[in-house]
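# Working through the structure, step by step
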There are 2 protein chains.
Amino acid sequence: MRDNKRATISDVATQAGVSRAAVSKVMRSAYGTSDDMRKRVEGAMAALNYRPQFAARALRGRTYTLGVLLPDIRNPFFPDILDGITQALADTQYQPLLGVRPSVEVTERGLIETMLDRKLDGLILVAPVLGHDYLMQLSAMTPTVLIGRHDQNGGFDTVNNDDRLGAKLAIDHLVAQGHSHIAYLDLEPLKDAPFNPARFRRQGYQSAMRAHGLGENELITVIGPDSGSERGRAAARQLLTSKRRPTAVFGWTDESALTVMSAAHELGLRIPEDLALAGYDNSRLCALAQISLTSIDQDAQLLGRASARMLIERIEGRREDVHFVTAPQIVVRGSSGGARANGGTVTTERRPRSA
Amino acid sequence: MRDNKRATISDVATQAGVSRAAVSKVMRSAYGTSDDMRKRVEGAMAALNYRPQFAARALRGRTYTLGVLLPDIRNPFFPDILDGITQALADTQYQPLLGVRPSVEVTERGLIETMLDRKLDGLILVAPVLGHDYLMQLSAMTPTVLIGRHDQNGGFDTVNNDDRLGAKLAIDHLVAQGHSHIAYLDLEPLKDAPFNPARFRRQGYQSAMRAHGLGENELITVIGPDSGSERGRAAARQLLTSKRRPTAVFGWTDESALTVMSAAHELGLRIPEDLALAGYDNSRLCALAQISLTSIDQDAQLLGRASARMLIERIEGRREDVHFVTAPQIVVRGSSGGARANGGTVTTERRPRSA
DNA sequence: GTGAAAGCGCTAACAA
DNA sequence: TTGTTAGCGCTTTCAC
């Protein structure tokens with residue numbers, strides 16, 4: 001009984017007394033269908049419990065499937081993006097197909113090839129490390145939207161938060177708390193992808209420090225890409241045991257800030273008294289009472305929703321590049337001394353969300 | 001230039017001077033191909049940069065795509081399973097296609113239908129809450145493997161750790177630390193899915209407590225399914241402020257234990273002095289110095305690898321049900337007082353992994 | 001061992 | 001507005 005009585009378009013056509021083409025038209029709500037016919041066809045589809053097969057559609061037309069490439073399913077920031085994408089797609093015919101880069105070694109290209117083999121209608125690439133040229137080629141073949149890349153003029157859309165502003169918010173806050181020695185935890189520079197968020201956050205950090213007259217105190221430590229690794233932890237320990245130990249640290253992601261928090265804990269440093277901390281992404285962990293990490297919220301769900309909508313626009317014909325940017329907000333918690341250290345109280349609540 | 005020069009099987013056949021059928025055979029390494037021919041075909045495929053289209057294959061034969069249904073991408077336990085699946089699939093022709101249940105309200109059935117529409121060759125369902133009958137129907141149509149369900153005789157395979165044993169390990173440890181009032185954080189009973197892990201862990205808790213002569217001290221608090229929600233947090237606070245406050249708590253997942261840890265923190269309780277904690281899954285968070293949560297490791301990667309291999313066996317023809325069970329291990333950390341509270345030292349290291 | 005031919009379920013010209 | 005017809009790229013008998 002393996003799937004052998006699944007209804008096809010011909011069954012529906014027979015049942016409704018129309019041609020297969022008519023059924024196809026009704027499905028795609030294409031031009032040239034009378035109300036009568038639509039009703040009969042819809043009745044037949046329901047009666048036969050008909051569902052179109054994607055493989056057959058794909059061979060001729062669209063797959064109604066969008067590829068979503070995530071670099072890392074573990075960073076809690078990315079599932080929020082996925083939620084946003086799912087929300088935006090809920091009212092449409094489109095479905096997301098997920099690809100997750102299993103490790104840093106595996107190239108993203110392989111995954112993209114796979115999605116191309118499956119004839120997906122479009123691609124959402126989250127924080128890809130692919131070079132600009134490759135992305136241009138790719139987007140010439142398939143509608144593409146990037147999240148977390150500031151590249152321009154590539155034939156693809158981008159969706160970002162204002163990374164420079166986010167960094168400024170963090171530094172302004174730490175300075176307001178009385179800090180002048182503030183370090184920045186940076187991602188290792190990506191040769192292929194210079195327009196990555198870490199770079200813009202670093203620029204925001206630098207210009208904010210200078211604006212406060214603290215340019216001489218700038219201290220940048222590379223801790224990524226995998227700050228949870230032994231290498232990342234070693235970098236954190238080194239930062240905290242150096243002569244020039246900062247009194248505050250701003251991490252390019254929450255993960256990087258947490259690595260430093262963990263190291264501080266092991267070294268017996270009190271937070272925020274001995275060391276203030278702020279991260280980026282406002283991922284769920286930040287709110288845990290034991291963590292209580294001040295962080296920059298870039299509204300991942302909104303990024304996801306926007307990317308899905310923009311991709312569909314592209315699929316339906318838009319040609320000009322669109323670059324969508326959201327405004328980050330700071331969420332102050334105990335780690336920066338902005339709220340009582342034990343309470344984990346959020347003094348700056350997440351803003352109400354627009355569309 | 002939208003994808004219009006992609007080589008097809010005909011192009012390869014022409015280039016190699018053979019028939020299309022011959023090319024197809026080489027691809028599937030089917031019977032009846034001479035070495036000569038294979039060489040020429042492979043040369044032509046390489047020269048033309050040929051890649052078969054999945055949609056076209058799907059219409060006639062296999063899709064070489066396996067559906068993986070995850071209930072929750074945020075729980076760090078699940079990405080580990082996914083890693084295992086990816087590893088096992090790396091050497092095969094098969095690719096995973098991910099479906100993630102976007103919210104508790106969305107039924108898993110919708111996602112499964114979608115995968116069926118795409119003619120996937122088989123399904124790995126992680127911790128589904130679907131009824132036994134539905135799963136039987138499903139597995140009659142499509143090869144299916146379940147992770148995190150102890151159902152038997154359903155026409156599908158299952159992959160689990162020994163949940164009863166895992167719970168026993170946790171209770172034995174807490175008792176050895178001198179505790180006699182140990183509470184269990186439970187998942188709300190699932191009517192449709194009685195054979196879920198939480199139930200087996202509860203049974204393990206109960207029988208271990210009785211074995212230690214502590215049957216009268218049993219205390220079960222429902223905190224799931226979403227222990228991070230306000231309801232879950234309220235349950236945690238209630239547990240910790242009640243007259244019969246336990247001195248130790250064993251959570252059915254790490255997430256549930258963390259919710260209690262967070263509540264304890266807010267109430268000013270010291271860990272492990274005032275309250276000892278143990279969780280289940282040994283997810284990455286447990287190792288963070290500020291968290292340092294004792295937990296039961298069920299080797300998610302192994303579960304993932306096993307499920308992928310078993311599914312492929314089924315696809316290639318196995319008919320009998322197989323039920324794979326792994327042995328859990330306890331990883332002792334500061335939260336249970338088994339290691340120095342501040343150090344987060346792991347006294348029981350993760351075991352070396354076998355295939 | 002190899003190739004010709006039919007057809008998977010659907011879409012998109014075009015004709016009616 | 002509707003139906004007819006020809007494929008999309010691949011797999012699969014079944015002759016040769």
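The shown structure was predicted, so the numbers you read here are calculated from the model rather than taken from an experiment. (Residues numbered from 1 in each chain as written. Chains lettered and ligands numbered in written order. Predicted model: local features only at pLDDT ≥ 70, side-chain atom pairs only at ≥ 80, totals over all residues. Heavy atoms only, no water.)

Right, let's get into the overall build of chain A. Across its full length, chain A holds 12 helices and 12 strands. Overall, the C-alpha framework of chain A stretches about 85 × 45 × 40 Å when taken along its three principal axes. Residue burial in chain A is summarised as follows: out of 355 residues, 54% are buried. Considering only contacts in chain A between residues 6 or more positions apart, those separated by 24 or more positions represent 65%. (Helix = DSSP H or I, 4+ residues; strand = E, 2+ residues; numbered from the N terminus. Buried < 20%, exposed > 50% of the residue type's maximum accessible area, 1.4 Å probe, protein only. Contact = heavy atoms within 4.5 Å.)

For any pair of aromatic rings, the description consists of the separation of the ring centres together with the inter-plane angle of the planes. Applying the stated criterion across every chain, the model contains 10 aromatic pairs over all chains. What links up through ring pairs into an aromatic cluster is the set Tyr184(A), Tyr205(A), Phe250(A) and Tyr280(A). Above the plane of the ring of Tyr280(B) lies Arg201(B), whose end atom (NZ or CZ) is 3.7 Å from the centre. (Phe/Tyr/Trp six-rings, centres within 6.5 Å; stacked < 30°, edge-to-face > 60°. Lys NZ or Arg CZ within 6 Å of the ring centre and 35° of its normal.)

As a structural note, the neighbourhood of DNA strand C is formed by 27 residues, with Ile9(A), Arg20(A), Arg28(A), Tyr50(A) and Ser34(B) the closest of them. Sugar and phosphate atoms represent 56% of those atoms of DNA strand C found within 4 Å of the protein. The separation between a phosphate oxygen of DNA strand C and a polar main-chain atom of Ile9(A) is 2.3 Å. At 2.7 Å from a phosphate oxygen of DNA strand C is found a side-chain nitrogen or oxygen belonging to Ser24(A). Secondary structure elements with two or more residues in the surface near DNA strand C: α2 (20–27) and α4 (54–60) of chain A together with α2 (20–27) and α4 (54–60) of chain B. (Near = heavy atom within 4 Å. Polar contact = N/O pair within 3.5 Å; in protein donor to acceptor, adjacent residues only side chain to side chain.)

Before going further, it helps to examine the interface of chain B and chain A. A common way to express how large an interface is: the accessible area buried when the components associate. Residue-level contacts link 51 residues of chain B with 51 residues of chain A. Roughly 4,700 Å² of surface becomes buried between chain B and chain A when both sides are summed, with 55% attributable to carbon and sulfur atoms. Area buried by chain B at its contact with chain A is led by Arg74(B), Asp117(B) and Gln290(B), which between them contribute 15% of it. Between chain B and chain A we count 10 salt bridges in total. One salt bridge connects Asp117(B) with Arg6(A), and the closest N-O pair in it is separated by 2.6 Å. Linking chain B with chain A are 16 residue pairs in polar contact (both at pLDDT 80 or more). The set of elements that each furnish at least two residues to the side of chain B that touches chain A consists of α4, α5 (77–89), β2 (95–100), α6 (108–117), α7 (132–141) and α11 (254–267) of chain B. (Buried area = accessible area lost by both parts, 1.4 Å probe. Salt bridge = Lys/Arg side-chain N within 4 Å of Asp/Glu carboxyl O.)

A few words now on the pairing of strand β8 (residues 248–251) of chain B. One face of the sheet, then the other: side chains in a regular strand alternate in exactly this way. Residue and element names in this part refer to chain B. What you see with β8 is no split at all: Ala248 and Phe250 on one side and Val249 and Gly251 on the other are buried throughout. Where strand β6 (residues 182–186) and β8 come together, 4 bridges link them in parallel fashion. By the bridge assignment for β8, alanine 183 is matched with valine 249. Where β8 meets strand β9 (residues 276–280), 3 bridges bridge the pair, whose relative direction is parallel. If you follow phenylalanine 250 over to β9, its bridge partner there is alanine 278. With α11 bridging β8 and the parallel β9, this β-α-β connection has right-handed handedness. (Pairing = 2+ DSSP bridges. Right-handed = clockwise from strand over helix to strand, strands pointing away.)

Let us look at the nonpolar core. Taken as a class, soluble globular proteins show a tendency for nonpolar side chains to be buried jointly. In terms of nonpolar packing, the biggest core is built from 58 residues, with Ile81(A), Leu98(A), Ile124(A), Ile81(B), Leu98(B) and Ile124(B) touching the most fellow members. Setting aside residues up to four positions removed in sequence, Ile124(B) forms contacts with Gly67(B), Val68(B), Leu69(B), Ile85(B), Val145(B), Ile147(B), Ser307(B), Ala308(B) and Leu311(B). Counting 46 residues, the second largest nonpolar core, distinct from the first, contains Val260(B), Leu269(B), Leu285(B) and Leu288(B). (Core = buried A, V, L, I, M, F, W, Y, C linked by side-chain atoms within 4.5 Å.)

Attention now goes to the confidence of the model for chain A. For chain A, per-residue confidence averages 89 on the pLDDT scale, and 92% of positions sit at 70 or higher. The low-confidence segment residues 340–355 of chain A, where pLDDT is below 50, has 33 contacts with residues more than four positions distant or belonging to other chains. (pLDDT = per-residue confidence, 0-100.)

Okay, the relation of the copies chain B and chain A next. With an axial shift of 0.0 Å and an RMSD of 0.1 Å, the rotation relating chain B to chain A amounts to 180°. Viewed as a symmetry operation, the transformation between the two copies matches a two-fold axis. Using C-alpha coordinates, one finds that chain B approaches the rotation axis most closely at Ala55(B), a distance of 2.3 Å. Here 100% of the interface residues in chain B have copies in chain A that are interface residues too; the copies meet face to matching face. (Least-squares fit on C-alpha atoms with pLDDT ≥ 70 in both.)

Residue and element names in this part refer to chain B. Strand order across the open sheet formed by 6 strands is β7-β6-β8-β9-β10-β12, with mixed pairing between neighbours. Strand pairing shows two members of the sheet lacking a second neighbour, β7 (219–222) and β12 (329–331), which therefore form its edges. Neighbour-to-neighbour, the strand axes of the sheet open up by a mean angle of 20°, direction not taken into account. As paired elements, β6 and β7 share 4 bridges and run parallel to each other. Each residue of the ladder has a partner; that of tyrosine 184, found in β7, is isoleucine 220. Running at roughly 170° to β6, helix α9 (residues 197–211) makes contact with β6, β7 and β9 of the sheet. Along the sheet, helix α10 (residues 230–241) makes contact with β6, β7 and β8, crossing β7 at roughly 155°. (Axes fitted to C-alpha atoms, helices over the stretch in contact; angles between N-to-C directions.)

This part covers helix α8 (residues 163–176) of chain B. Residues and elements named next belong to chain B. With 14 residues, α8 should reach 20 Å at 1.5 Å per residue; the first-to-last C-alpha distance of 20 Å fits that figure. Burial in α8 covers these residues: Asp163, Gly166, Ala167, Ala170, Ile171, His173 and Leu174. Considered in projection along α8, the buried side chains sweep an arc of 160° and stay on one side of the axis. Where α8 ends, the next residue or the one after it, glycine 178, has phi of about 100°, a positive value. (Expected span 1.5 Å × (residues − 1). Arc of directions from axis to C-beta.)

Between two packed helices, what matters for the description is the angle formed by their axes and the separation of those axes. All names here are of chain A. One can describe the packing of helix α5 (residues 77–89) onto helix α12 (residues 300–315) by two numbers: an axis separation of 6 Å at closest approach and a directional angle of 45°. Considering their axes alone, α5 and α12 lie oblique with respect to each other. As for the relative orientation of α5 and α12, their crossing is right-handed in sense. Contacts between α5 and α12 pair Phe77, Asp80, Ile81, Asp83, Gly84, Ile85, Gln87, Ala88 and Leu89 from the former with Ala300, Gln301, Leu303, Gly304, Arg305, Ser307, Ala308 and Ile312 from the latter. Here the residues of the contact of α5 with α12 sort into 9 nonpolar, 5 polar and 3 charged. (Parallel < 35°, antiparallel > 145°, perpendicular 65-115°, else oblique. Left-handed = near helix turned anticlockwise from the far one by under 90°. Nonpolar A, V, L, I, M, F, W, Y, C, P; charged D, E, K, R; others polar.)

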